[in-house]
Amino acid sequence: MPVLRRSADAGRLLLDLVTRDPAFVRGGELEPGDIPVFTFHSLEPRSFERKMAYLKDAGYQVIGLAEYLDVLSGRRGAPGKSVLITIDDGRASTWTVGYPILKKLGMRATAFLVTSAVHDSPDVSNTIGDEPEALWPALVARDESRDRPFVTWGEVRAMRDVIDLGSHTHLHARIPVATGIEGVMTEAMQRGYREFDCPFVWINGRQVRGRDVPPGTPLPVSAPRLSGRPAWRAVDGRFETEAEVRDAVRFDLGEARRLLMEKADVDATSLCFPWHVDSPLARELAAAVGYVAGFAGKAPAAPAISRLGCDPFAIARVGEDYVERLPGPGRRSLLSVLRQKMRRG
């Protein structure tokens, strides 16, 4: 089975290279006016700093979110060699690793936060800029811990001078969409980002997920909430009505905006779709509650590059592995990038 999975992963990588990845990934140039958008999740100090330093040394301009949106809408032209850096989820390393490195290099990024996961605390922890290198592993490991695997609201407020903020929805939710079972709850799914992989299930009349679901619990067939599909309500043996689906999606989108304004004084008008999954309903309601842009992963049309006139609710992004495939001194070989991706699985 692992061999088959690795073969399938290799096939997808090659298909993406041919059908959707920008020309620079395959060794071409970055066309004037094109802006690659790179996506990061958990940050490792040496890797993240090396990639950011590569961009800076090669003369790329890492622009802010407002400037990027102005370029897409035609309100301003794209600065030469522009790049947008995005960091999903709001994992603790966004603050402990990303913030000090970006600050040191004079660069910007955009973080898409899952507002229900942000710890409701004014505390601001130390970063790798405050601690000796011997203590960095503990800061990085916070991402996978039971204790504060995501940023605090205090850290969110503190990072605003360097990191722009957007929404990754309030819940980053998976919902049951059928009566069948497709998996079993594990201990790993009770902490950090893996909690989001656990769909909401009904236990003792309540909808719960993650650490509130005992290991060994059967997990139903599920889909992202923003897919627009109705959830199966095991508690009363029925699917959600159309009105219930709309209310749930509207809440997930709107509550994130409300909390970012209330807790961080940020009018978040950009959204990142969890698992890169959206729907006509999600787009409609996103616009209705005040979003003007939606970031995804793979886009239906190639290449995965931003330029004037592209659909602001279908912004395609490129994985962080390809940062050093941009033209510049010391450009990394495609083969070495692919080998690393395959080793990581």
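Each value, and the rule that gives it
- Residues numbered from 1 in each chain as written.
- Predicted model: local features only at pLDDT ≥ 70, side-chain atom pairs only at ≥ 80, totals over all residues.
- Heavy atoms only, no water.
- Disulfide = S-S within 2.5 Å.
- Buried < 20%, exposed > 50% of the residue type's maximum accessible area, 1.4 Å probe, protein only.
- Phe/Tyr/Trp six-rings, centres within 6.5 Å; stacked < 30°, edge-to-face > 60°.
- Lys NZ or Arg CZ within 6 Å of the ring centre and 35° of its normal.
- Helix = DSSP H or I, 4+ residues; strand = E, 2+ residues; numbered from the N terminus.
- Pairing = 2+ DSSP bridges.
- Core = buried A, V, L, I, M, F, W, Y, C linked by side-chain atoms within 4.5 Å.
- Contact = heavy atoms within 4.5 Å.
- Arc of directions from axis to C-beta.
- Polar contact = N/O pair within 3.5 Å; in protein donor to acceptor, adjacent residues only side chain to side chain.
- Right-handed = clockwise from strand over helix to strand, strands pointing away.

S.K.: When you look at the state of the cysteines in this model, what are you seeing that I'm missing?
M.R.: Using the criterion set out here, one finds zero disulfides in the structure. The thiol of Cys310 is unpaired, and the distance to the nearest cysteine sulfur, on Cys272, comes to 15 Å. According to the relative accessible area criterion, Cys310 is partly exposed, its value standing at 22%.

S.K.: Please explain the packing of aromatic side chains as it appears in this structure.
M.R.: The geometry of an aromatic ring pair is captured by two quantities: the separation of the ring centres and the angle between the planes. Counted under the stated rule, the structure contains eight aromatic pairs. Pairing Phe40 with Phe48 gives two aromatic rings, centres 5.3 Å apart and planes at 90 degrees, and the pair type is edge-to-face. For the pair Phe40 and Phe48, one class covers both residues: buried. Arranged with centres 5.5 Å apart and planes meeting at 90 degrees, the rings of Tyr193 and Phe196 form a pair that is edge-to-face. Across this residue pair, the class does not change: Tyr193 and Phe196 are buried. Linked through ring pairs, Tyr68, Phe112 and Phe295 together constitute an aromatic cluster. The ring of Tyr60 has Lys81 lying over it, and the distance from NZ or CZ to the ring centre is 4.5 Å. The residue whose ring lies beneath Arg257 is Tyr291, and the NZ or CZ to ring-centre distance is 5.8 Å.

S.K.: So what exactly am I meant to see when it comes to the pairing of strand β9 (residues 218-224) here?
M.R.: Successive residues of a regular strand alternate their side chains across the two faces of the sheet. The element β9 is largely enclosed, with a buried count of five among its seven residues. Pairing of strand β6 (residues 174-184) with β9 involves six bridges; the strand directions are antiparallel. What sits directly across from Pro176, in β9, is Ser222.

S.K.: Help me understand unusual backbone geometry, please; the structure alone is not making it clear to me.
M.R.: What is expected of a backbone is that most residues other than glycine have negative phi and most peptide bonds are trans. A positive phi angle, near 55 degrees, is found at Arg148, a position not held by glycine. Assignment of secondary structure puts Arg148 in the loop between α5 (136-141) and α6 (153-158). On the basis of relative accessible area, Arg148 is assigned to the partly exposed category, the value being 26%. Positive phi, normally seen in glycine, also occurs at Asn204, with a value near 55 degrees. Structurally, the position occupied by Asn204 is in the loop between β7 (201-203) and β8 (206-208). Judged by relative accessible area, Asn204 falls into the exposed class, the value being 76%.

S.K.: How should I be thinking about the nonpolar core in this particular structure?
M.R.: Proteins that are soluble and globular tend to have nonpolar side chains buried together. Within the largest apolar cluster, 54 residues are counted, with the highest numbers of intra-cluster contacts made by Phe38, Met52, Leu55 and Tyr322. When residues of this core are assigned to their parent elements, the largest contribution, six residues, is made by helix α4 (residues 93-105). For Tyr322, the contacting residues outside a window of four places in its chain are Leu13, Leu17, Asp21, Phe24, Val25, Phe38, Leu334, Val337, Leu338 and Lys341. In this structure, Leu226, Leu281, Ala282 and Leu285 belong to the second largest nonpolar core, which totals 15 residues.

S.K.: Is there a simple way to explain helix α8 (residues 280-288) in this structure?
M.R.: Turning to α8, its buried residues are Leu281, Ala282, Leu285 and Ala286. Looking down the long axis of α8, one finds its buried residues gathered within 130 degrees of arc, a one-sided arrangement. Set apart from the buried face of α8 by more than 90 degrees, the exposed residues are Pro280 and Ala288. Looking at the buried residues of α8, the elements they touch are α7 (242-264) and β12 (270-272).

S.K.: Would you mind showing me how to read the environment of Ile163 here?
M.R.: Among the structural elements, Ile163 can be located in strand β5 (residues 163-167). Residues Ile163 and Lys103 lie 60 residues apart in sequence; the distance between their C-alpha atoms is 9.2 Å. With residues up to four places along the chain from it excluded, the contact list for Ile163 reads Thr94, Tyr99, Leu102, Arg108, Ala109, Thr110 and Ala111.

S.K.: Before we go on, may I ask you to explain the side chain of Arg20 in this structure?
M.R.: Position of Arg20 relative to the elements: it lies in the loop between α1 (2-19) and β1 (37-40). Engagement of the side chain of Arg20 in a polar contact is seen with the backbone oxygen of Arg317, the distance being 3.1 Å.

S.K.: Any chance you could explain the pairing of strand β4 (residues 109-113) here in plain terms?
M.R.: Burial analysis of β4 places five of its five residues in the buried class, the great majority of the element. A two-sided burial pattern is seen for β4, the buried positions comprising Ala109, Ala111 and Leu113 on one face and Thr110 and Phe112 on the other. Looking at chain direction, strand β3 (residues 82-89) and β4 are connected through four bridges and run parallel. Paired with Asp89 across the strands is Leu113, a residue of β4. A crossover connection joins β3 to the parallel β4 through α4; in handedness this β-α-β unit is right-handed. Direction of pairing for β4 relative to β5: parallel, over a ladder of five bridges. Paired with Ala111 across the strands is Leu165, a residue of β5.

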